[in-house]
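Listed here are the chains, written in short residue letters.
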Amino acid sequence: MTRPVLAAVDASVRSRAAAHWAAQEAGRRGAPLRLLHAWPYLGRKANDLVKAEDLESGARSMLGDVAKELAAAYPGLEVTGELVPDAAIDGLTAAAEQGQLLVIGTRGLGGFRGLLVGSVSLGVAGRSAAPVVLVREGRPEPQSHEPEVTVGLDALAPDDAVLEFAFQEAQLRDARVRVVHGWELPPVYGYAGWIPVETEQQELGALAVGMVAEAVAPWRQKYPRTLVLEDVRTGGGAAALVEASEQSDLVVVGRRRRTLGLGSKLGSVAHAVIHHAQAPVAVVPHD
């Protein structure tokens, strides 16, 4: 049985945008789509102010409306809904284990450019055992007409799970893969303080290019029909990925799995890309 693509939905516009993105993804994968609505009050007993059955009825009605909208927009797609009577982060994180990936909507660009993603999206992306895709509402289509999946690569420690996800997504979309590695010049101490070694930039740049080529070579062989662009930039990984996201359909970053059972393993690069990328961001857990 094919595991479903999951989408977290509520009454917001951003969750509808995420649901449509998830529906298209489910269609590409030949998978069913399962809509999830997590709310802890759904599991509480009735009281004088709120009746549990009224909350459940309203939630089921909302799920039904979204399911009908998606079924009409994507004929042939199997769409179901599920209520999760738990806090959003805990409930969605647990439910994600049942699916291929979980899609969540995030806020669009606002006045505070550093505060674009809510705590639920960050919490689930930092804890989920399955890949999580964060979709921002109202994102215009990239100017490039060539479908593209961008993946961040740590050339010192490339991870197979992250690269595999990116290449599979590109294959599903008939897209090219842009492998982005951002590096920074090491500083040395001088009379003016810490200054970059400009004279070694060419040599270090060539070393970075060689490392990326070596890391990508097995994936070129595994996916010979996929066009691969090796994009090595100075300025750090986060800045390079955010810049590349302007022309991408999807940006893929990695996140280490939690080992102690506490806290999130979102690194600084993934955190920055989630907040600032112009394209949907897939956060892929890895060891």
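Look up: the structure comes first, before these words.
Rules behind the numbers
Residues numbered from 1 in each chain as written. Predicted model: local features only at pLDDT ≥ 70, side-chain atom pairs only at ≥ 80, totals over all residues. Heavy atoms only, no water. Phe/Tyr/Trp six-rings, centres within 6.5 Å; stacked < 30°, edge-to-face > 60°. Helix = DSSP H or I, 4+ residues; strand = E, 2+ residues; numbered from the N terminus. Buried < 20%, exposed > 50% of the residue type's maximum accessible area, 1.4 Å probe, protein only. Core = buried A, V, L, I, M, F, W, Y, C linked by side-chain atoms within 4.5 Å. Contact = heavy atoms within 4.5 Å. Polar contact = N/O pair within 3.5 Å; in protein donor to acceptor, adjacent residues only side chain to side chain.

Asks: Help me out: how do you make sense of the packing of aromatic side chains in this one?
Replies: Aromatic ring pairs are defined here through the distance separating the ring centres and the angle between the ring planes. Scanning the entire structure with this criterion turns up three aromatic pairs. Plain terms: the ring middles of Phe-167 and Trp-219 are 5.8 Å apart, the flat faces sit at 25° to each other, and that makes the pair stacked. Remark: Trp-219 occurs in helix 6 (residues 201-222) and Phe-167 occurs in helix 5 (residues 160-173); sequence separation between them is 52 residues. Across the pair, Trp-219 and Phe-167 agree in class, each one buried. Grouping aromatic residues by their ring pairs yields a cluster made of Phe-167, Trp-219 and Tyr-223.

Asks: Help me out: how do you make sense of the nonpolar core in this one?
Replies: Nonpolar side chains in soluble globular proteins tend to end up buried together. Counting 49 residues, the largest nonpolar core has Leu-33, Leu-35, Leu-70, Val-103 and Val-252 as its most contacted members. Ignoring sequence-local partners within four residues, the contact set of Leu-70 consists of Ala-19, His-20, Ala-23, Leu-33, Leu-35 and Val-79. Ranked by size, the runner-up nonpolar core spans 30 residues in total, among them Leu-36, Ala-38, Ile-104 and Ala-270.

Asks: Explain the environment of Gln-278 here, please?
Replies: As for its position among the elements, Gln-278 is in the loop between helix 8 (268-276) and strand 12 (281-286). Looking at Gln-278, the relative accessible area reads 23%, which means it is partly exposed. Of the polar contacts made by the side chain of Gln-278, one reaches the backbone oxygen of His-276; its length is 3.4 Å.

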